[in-house]
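# Residue-level structural notes
Each chain, written out:
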Amino acid sequence: MSLSPGPARRDALTRRIRLLVAATIVYNAVEAVVALTAGALASSTALIGFGLDSVVEVSSAAAVAWQFSAREHAVREARERTALRVIALSFFALAAYVAADAVRALAGTGAAERSVPGIVLAALSLAVMPFLSAAQRRAGRELGSASAVADSRQTLLCTYLSAVLLAGLLLNATVGWSWADPIAALVIAAVAVKEGRDAWRGEGCCAVPAPASLSPQGEGSGGCRAGGSGCCGGTG
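The following refers to the structure shown. Throughout, residues of each chain are indexed from 1 in the direction in which the sequence is written. Reporting in this predicted model follows two pLDDT cut-offs: at least 70 for local features of residues, and 80 or more for side-chain atom pairs to be given and counted; totals over whole chains, interfaces and linings ignore these cut-offs and use all residues. Hydrogens and water are ignored here; the side-chain numbers use all heavy atoms of the structure.

## Here we look at helix α6 (residues 146-175)
For α6, spanning 30 residues, the distance from its first C-alpha to its last is 43 Å, which sits close to the expected 44 Å at 1.5 Å a residue. For the purposes of this entry, the term helix denotes a DSSP run of H or I that reaches at least four residues, the term strand denotes a run of E that reaches at least two, and both are numbered from the N terminus. G176 occupies a position one or two residues after α6 and carries a positive phi of about 75 degrees. Expected span, for any helix, means 1.5 Å times one less than how many residues it has.

## A closer look at the pattern of salt bridges
Every case where a carboxyl oxygen of Asp or Glu lies within 4 Å of a side-chain nitrogen of Lys or Arg is listed as a salt bridge. The full count for this structure, using the stated rule, is 3 salt bridges. We note a salt bridge from K194 to D198, for which the minimum N-O separation is 2.9 Å. Pair noted here: K194 and D198 are both in helix α7 (residues 180-201), with a separation of 4 residues, about one helical turn. Residue classification places K194 among the partly exposed positions, given a relative accessible area of 38%. Ionic pairing is found between D198 and R197, a salt bridge with its closest N-O pair at 3.4 Å. Note on classification: 1.4 Å probe, protein chains only; a residue is buried when its accessible area is under 20% of the maximum for its type, exposed when over 50%, partly exposed between these limits. Relative accessible area serves as the criterion here: at 2%, D198 is assigned to the buried category. The partly exposed category is assigned to R197, whose relative accessible area is 37%. One salt-bridge network, in which partners are shared between bridges, spans K194, R197 and D198.

## A short note on unusual backbone geometry
Positioned with a positive phi, S43 is a non-glycine residue whose angle comes to about 55 degrees. Here S43 lies in the loop between α1 (7-42) and α2 (45-68).

## Focus on the environment of A29
Along the chain, A29 turns up in helix α1. Separated by 27 residues in the primary sequence, A29 and V56 have C-alpha atoms spaced 10.0 Å apart.

## Digging into the packing of α2 against α7
Interaxial distance between α2 and α7 falls to 7 Å at its minimum, and their mutual angle equals 30 degrees. Regarding the angle of α2 to α7, the classification is roughly parallel. Contact with α2, carried on its side by T45, A46 and L47, involves D181, A184, A185 and I188 of α7 and no other residues of that element. When residue character is reported, Ala, Val, Leu, Ile, Met, Phe, Trp, Tyr, Cys and Pro are called nonpolar, Asp, Glu, Lys and Arg charged, and the others, Gly included, polar. Class assignment of the residues belonging to the contact of α2 with α7 gives a composition of 5 nonpolar, 1 polar and 1 charged. Only the stretch in contact is used when fitting a helix axis, every axis being a line fitted to C-alpha atoms; angles between N-to-C directions are given from 0 to 180 degrees. Relative orientations are named as follows: roughly parallel for angles under 35 degrees, roughly antiparallel for angles over 145 degrees, roughly perpendicular for angles from 65 to 115 degrees, and oblique for any other angle. In what follows, a contact means two residues having at least one pair of non-hydrogen atoms within 4.5 Å.

Taken by themselves, the reported measurements are silent on function.
The structure is reproduced here in structure tokens:
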């Protein structure tokens, strides 16, 4: 008995992922503009890093949108690895830039100013992003799509980064700890490297655990069902 979703369910999940990806692109495009503008005005490395992460999220979501624009399931699976590579390379580029800029800030070449728009943006993203991420992760896991799950993890990363950014901006605004801003940026860079590595490996998408009745030949690594676009090869 096959554990993969049937054609009707697969089509429904595909449509759901398309809608969630579209919502992610729109939100993050606005978020990127606000964060980069506020970051430039306040000389905030963390805010600029957050804005660049939003740009990465747009490229990540666009890669998944391209994958799921194909009507045939086989074509979507064929595009899986390319989409994962785009997501991973976007993470690595983000980490490199943010880390370099944070080190520059810590070396004393510029202190960040307080940013009320940045604080409001971080708080808003902290409230919105968990819901988008959870919905896409559920759909991606049921469908067995590593790229959809990787993109949901990128959205979840935005939640973590929003919390780190909010803490750094509040410390800078309330007690004048300007060094909290580049420290927050370095945390953003470190998490981005981890997520990029996981996306490159295709980790984090064990969609449905294999039942005990399946033979070893029918299982994917980690006890997952075989198939699933090769997304059961990791442990994330």
